[in-house]
Number of protein chains: 2
Amino acid sequence: MRLTKFTDYSLRVVIYLARHPDSLATIADIAREYDIPSTHLMKVVHRLAQCGYILTVRGKGGGMRLARTPDLINVGDLVRDTEDNMDIAECFSPDHQSCPMLPACALKSVLVEARKSFLATLDFYRLSDIMGGATPSLVAPLHQAHGTFAPPSPGKKKRTS
Amino acid sequence: MRLTKFTDYSLRVVIYLARHPDSLATIADIAREYDIPSTHLMKVVHRLAQCGYILTVRGKGGGMRLARTPDLINVGDLVRDTEDNMDIAECFSPDHQSCPMLPACALKSVLVEARKSFLATLDFYRLSDIMGGATPSLVAPLHQAHGTFAPPSPGKKKRTS
DNA sequence: TACTAAGATATATTTTACATGTATCTATTG
DNA sequence: CAATAGATACATGTAAAATATATCTTAGTA
Ligand code: SF4
Ligand code: SF4
């Protein structure tokens, strides 16, 4: 069970941008910073722009910046948008419905619930919580059992799916 | 993000065995039932035996059966034992410690917590909960917010890791 | 206008984890 | 000893992901 590098790179990009809010950053900048292939970052950046997390500027002097402030970018949402295969088991795909246990597999229900828990945990965090550096706001300490306190203000917009 | 077929097959095997408690089942039996390659099942069965979930009997008339009753087999444990790569991100592996964000990456902490949530959800279920069929015991209904009730009796032994 | 630097887009290739296959060995029954 | 079961080792195939290449478009600037 792992997330793709595509997703991790996506998160690194927005973290980088959150840390450098005063100027446009280029793909080359970020690729250099993290020592990852710029060719891969191109696709990442494109996706992030499509999904509205960043704004890009073409041409000389161009680059990218966050489309919103870090406290309005939710980690769970970003992972949902960048990880394109969230099919825990074979039967989660509209194709591959050949498992004889369908349609009433109790295991599948459990896996659905587990995935929900995974994403729900991510939903408790915003980019401002994971960008590191000096963030002297009242950020919920990590590793805290998040069921015990109310999520700090906005950061999570309910989505229909 | 997906689990391997190896893990799903492992679960199918124990479900099958739970449903057929009165005789030894062979790899061929189970492969036929689910229409999956017996060659893959061999490895699955071997792992399940190594981890103590099933007992195998070699030779003519041999086969396998559960080593414990279904209410003593925990889904989370079984997934931990069969899914051999639980490295959500690159940095989770002892090798690949090259990400410049280490060692104080706030994102990693969040991912660790999310993985914990995923497995904790699975920990709430036992084989007896997912084996389907007529189980007229007081089983917790699936999809229920499991934070709101006490886990039904045993089924989950705390492990040190 | 030409040049350059940036992202956008499409396609191709490489790599890797996973799945599957084959062959052989060992144990057990009858 | 023959047949049937899992145990074990190794080889191969496959598909998703990662990476690379090439070309196009946009925008600033000399
Ligand atoms: S066993 Fe259940 S969870 Fe696994 S593939 Fe079949 S239907 Fe899906
Ligand atoms: S960015 Fe954080 S979570 Fe991702 S690989 Fe680096 S250290 Fe791990």
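Conventions and cut-offs
- Residues numbered from 1 in each chain as written.
- Chains lettered and ligands numbered in written order.
- Predicted model: local features only at pLDDT ≥ 70, side-chain atom pairs only at ≥ 80, totals over all residues.
- Heavy atoms only, no water.
- Helix = DSSP H or I, 4+ residues; strand = E, 2+ residues; numbered from the N terminus.
- Expected span 1.5 Å × (residues − 1).
- Buried < 20%, exposed > 50% of the residue type's maximum accessible area, 1.4 Å probe, protein only.
- pLDDT = per-residue confidence, 0-100.
- Contact = heavy atoms within 4.5 Å.
- Least-squares fit on C-alpha atoms with pLDDT ≥ 70 in both.
- Axes fitted to C-alpha atoms, helices over the stretch in contact; angles between N-to-C directions.
- Parallel < 35°, antiparallel > 145°, perpendicular 65-115°, else oblique.
- Left-handed = near helix turned anticlockwise from the far one by under 90°.
- Nonpolar A, V, L, I, M, F, W, Y, C, P; charged D, E, K, R; others polar.
- Near = heavy atom within 4 Å.
- Polar contact = N/O pair within 3.5 Å; in protein donor to acceptor, adjacent residues only side chain to side chain.

Considering helix α1 (residues 5-19) of chain A
A turn of α-helix holds 3.6 residues, and therefore any two residues three or four places apart point the same way. Between its terminal C-alpha atoms α1(A) stretches 21 Å, which fits the 21 Å expected from 15 residues at 1.5 Å a residue. Counted residue by residue, α1(A) has 13 buried out of 15 residues, so it is predominantly covered.

Quick look at the confidence of the model for chain A
Residues and elements named next belong to chain A. Summary statistics for chain A give a mean pLDDT of 87 and a share of 83% for residues scoring 70 or more. Within the model, pLDDT remains below 50 along residues 135-154, and this stretch shows 24 contacts once partners closer than five positions in the same chain are excluded. Confidence drops under a pLDDT of 50 for residues 157-161, and excluding neighbours within four residues, the segment shows 7 contacts in the predicted structure.

Quick look at the relation of the copies chain A and chain B
By a simple turn and slide, chain A fits onto chain B: the slide is 0.0 Å along the axis, the RMSD is 0.0 Å, and the turn is 180°. The operation mapping one copy onto its partner corresponds to a two-fold rotation axis. Residue Phe118(A) of chain A places its C-alpha closer to the rotation axis than any other residue of that unit, at 2.5 Å. Comparing interface residues between copies, 100% of those in chain A also sit at the interface in chain B, which points to an isologous, same-surface contact.

As for the packing of helix α1 (residues 5-19) of chain B against helix α4 (residues 75-82) of chain B
Residue and element names in this part refer to chain B. At a minimum axis separation of 9 Å, α1 and α4 run at an interaxial angle of 135°. Regarding the angle of α1 to α4, the classification is oblique. Where α1 crosses over α4, the handedness of that crossing is right-handed. Mapping the contact onto sequence places Phe6, Thr7, Ser10, Leu11 and Val14 in α1 and Val75, Leu78, Val79 and Thr82 in α4. Tallied by class, the residues present in the contact of α1 with α4 amount to 6 nonpolar, 3 polar and no charged.

What to know about the protein's contact with DNA strand D
Every one of the 22 residues lining DNA strand D counts as a neighbour, but Lys5(A), Arg58(A), Ile27(B), His46(B) and Arg58(B) are closest to it. Sugar and phosphate atoms represent 76% of those atoms of DNA strand D found within 4 Å of the protein. A distance of 2.8 Å separates a base nitrogen of DNA strand D from a polar side-chain atom of Thr39(A). Side-chain polar atom of His46(B) to a phosphate oxygen of DNA strand D: 2.2 Å apart, as the coordinates give it. Elements with a minimum of two residues in the surface near DNA strand D: α1 and α3 (38-50) of chain A together with α3 (38-50) and β1 (54-57) of chain B.

A short note on the protein's contact with DNA strand C
Every one of the 23 residues lining DNA strand C counts as a neighbour, but His46(A), Arg58(A), Lys5(B), Thr39(B) and Arg58(B) are closest to it. The sugar-phosphate portion of DNA strand C accounts for 75% of its atoms within 4 Å of the protein, the bases making up the rest. Within the contact set of DNA strand C, a sugar or linking oxygen lies 2.5 Å away from a side-chain nitrogen or oxygen of Arg58(A). Within the contact set of DNA strand C, a base nitrogen lies 3.4 Å away from a backbone nitrogen or oxygen of Lys60(A). Going through the elements one at a time, α3, β1 (54-57) and β2 (63-66) of chain A together with α1 and α3 of chain B are the ones with two or more residues in the surface near DNA strand C. Class assignment for the residues of the surface near DNA strand C results in 7 nonpolar, 9 polar and 7 charged.

Some remarks on the site of ligand 2
Taken together, the neighbourhood of ligand 2 is formed by Asp8(A), Arg12(A), Cys91(B), Cys99(B), Met101(B), Leu102(B), Cys105(B), Leu107(B) and Lys108(B). Bordering ligand 2 are residues originating from chains A and B. For the shell around ligand 2, the elements supplying multiple residues, two or more each, are α1 of chain A together with α5 (106-123) of chain B. Residue classes in the shell around ligand 2 are distributed as 6 nonpolar, no polar and 3 charged.

Here's the deal with the site of ligand 1
Neighbouring ligand 1 are Cys91(A), Cys99(A), Met101(A), Leu102(A), Cys105(A), Leu107(A), Lys108(A), Asp8(B) and Arg12(B). With respect to ligand 1, the chains having nearby residues are chains A and B. Elements with a minimum of two residues in the shell around ligand 1: α5 (106-123) of chain A together with α1 of chain B. Partitioning the shell around ligand 1 into residue classes produces 6 nonpolar, no polar and 3 charged.

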